[in-house]
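The lines below spell out each chain.
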Amino acid sequence: MLLPKRVKYRKAQRGNRKGIASRGSTITFGEFGLKAMENAWFTNAQIEAARVCLTRHVKRGGKIWIRVFPDKPVTKKPAETRMGKGKGDVDHWVSVVHRGKILFEMEGIPEELAREAMRLASHKIPFRTHFIARKVRG
């Protein structure tokens, strides 16, 4: 599972998920990408499940880049606990994803294989995504 080695603050506030991604919204490393179409939290378990799905479908061929990292702690209080007594312990880590953000990139495989791998990975992701290919210059 992905999680930071160190953080400045152990617990974070929820923040907001509004807006459109200005950074990380174009394909930079590979030829094909999976773009987020909604704002959401993307948990470390969901990122790992999608990554495993991608690597298994391409049979460890090509190269895959993960463009998101879960650096936001989400806290949860234990079940059947009364209100008050402070904020709960860190339960899991999430990455805040704005619409337009590229989540995964791939290269070194045919487009049909990449499209199918991204389609299978998108089933592991709890928000709408879109397959995109790098524009050919010329």
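Located above this text is the structure these notes cover.
A short tour of the structure in this document, coming up.

Analysis parameters
Residues numbered from 1 in each chain as written. Predicted model: local features only at pLDDT ≥ 70, side-chain atom pairs only at ≥ 80, totals over all residues. Heavy atoms only, no water. Helix = DSSP H or I, 4+ residues; strand = E, 2+ residues; numbered from the N terminus. Polar contact = N/O pair within 3.5 Å; in protein donor to acceptor, adjacent residues only side chain to side chain. Contact = heavy atoms within 4.5 Å. Expected span 1.5 Å × (residues − 1). Buried < 20%, exposed > 50% of the residue type's maximum accessible area, 1.4 Å probe, protein only. Arc of directions from axis to C-beta. Phe/Tyr/Trp six-rings, centres within 6.5 Å; stacked < 30°, edge-to-face > 60°. Lys NZ or Arg CZ within 6 Å of the ring centre and 35° of its normal.

### Observations concerning the side chain of K72
So, point 1. By the element assignment, K72 lies in strand β4 (residues 72-76).
So, point 2. Looking at K72, its side chain comes within polar contact range of the main-chain oxygen of Q13, at 2.8 Å.
So, point 3. With residues up to four places along the chain from it excluded, the contact list for K72 reads Q13, R14, G15, W41, H92, W93, V94 and V96.

### Quick notes on helix α2 (residues 111-122)
So, point 1. Here α2 is 12 residues long and its end C-alpha atoms lie 16 Å apart, about the 16 Å a rise of 1.5 Å per residue gives.
So, point 2. For α2, every residue scored as buried is listed here: A114, A117, M118, A121 and S122. In a view along the axis of α2, the buried residues occupy a sector of 135 degrees, so they form one face of it.
So, point 3. Buried residues along α2 sit against β1 (32-36), α1 (44-57), β6 (102-107) and β7 (129-133).

### A look at the packing of aromatic side chains
The way to describe two aromatic rings as a pair is by their centre distance and the angle between their planes.
So, point 1. Counting across every chain of the model gives 4 aromatic pairs.
So, point 2. With centroids separated by 6.5 Å and ring planes inclined at 90 degrees, the aromatic side chains of F42 and F104 adopt a geometry described as edge-to-face. Residue F42 is found in strand β2 (residues 40-43), and its partner F104 is found in strand β6; the two are separated by 62 residues along the sequence.
So, point 3. Given a relative accessible area of 0%, F42 falls into the buried group.
So, point 4. Judged by its relative accessible area of 0%, F104 is buried.
So, point 5. Centre to centre, the rings of F42 and F127 are 5.4 Å apart; their planes meet at 80 degrees, and the pair counts as edge-to-face. Here F42, found in strand β2, pairs with F127, found in the loop between α2 and β7; they are 85 residues apart in sequence, far enough to count as distant. For the pair F42 and F127, a shared accessibility class is recorded, and that class is buried.
So, point 6. Through successive ring pairs, a cluster of aromatic residues spans F42, F104 and F127.
So, point 7. The cationic tip of R17 hangs over the ring face of W41; the distance from NZ or CZ to the ring centre is 4.4 Å.

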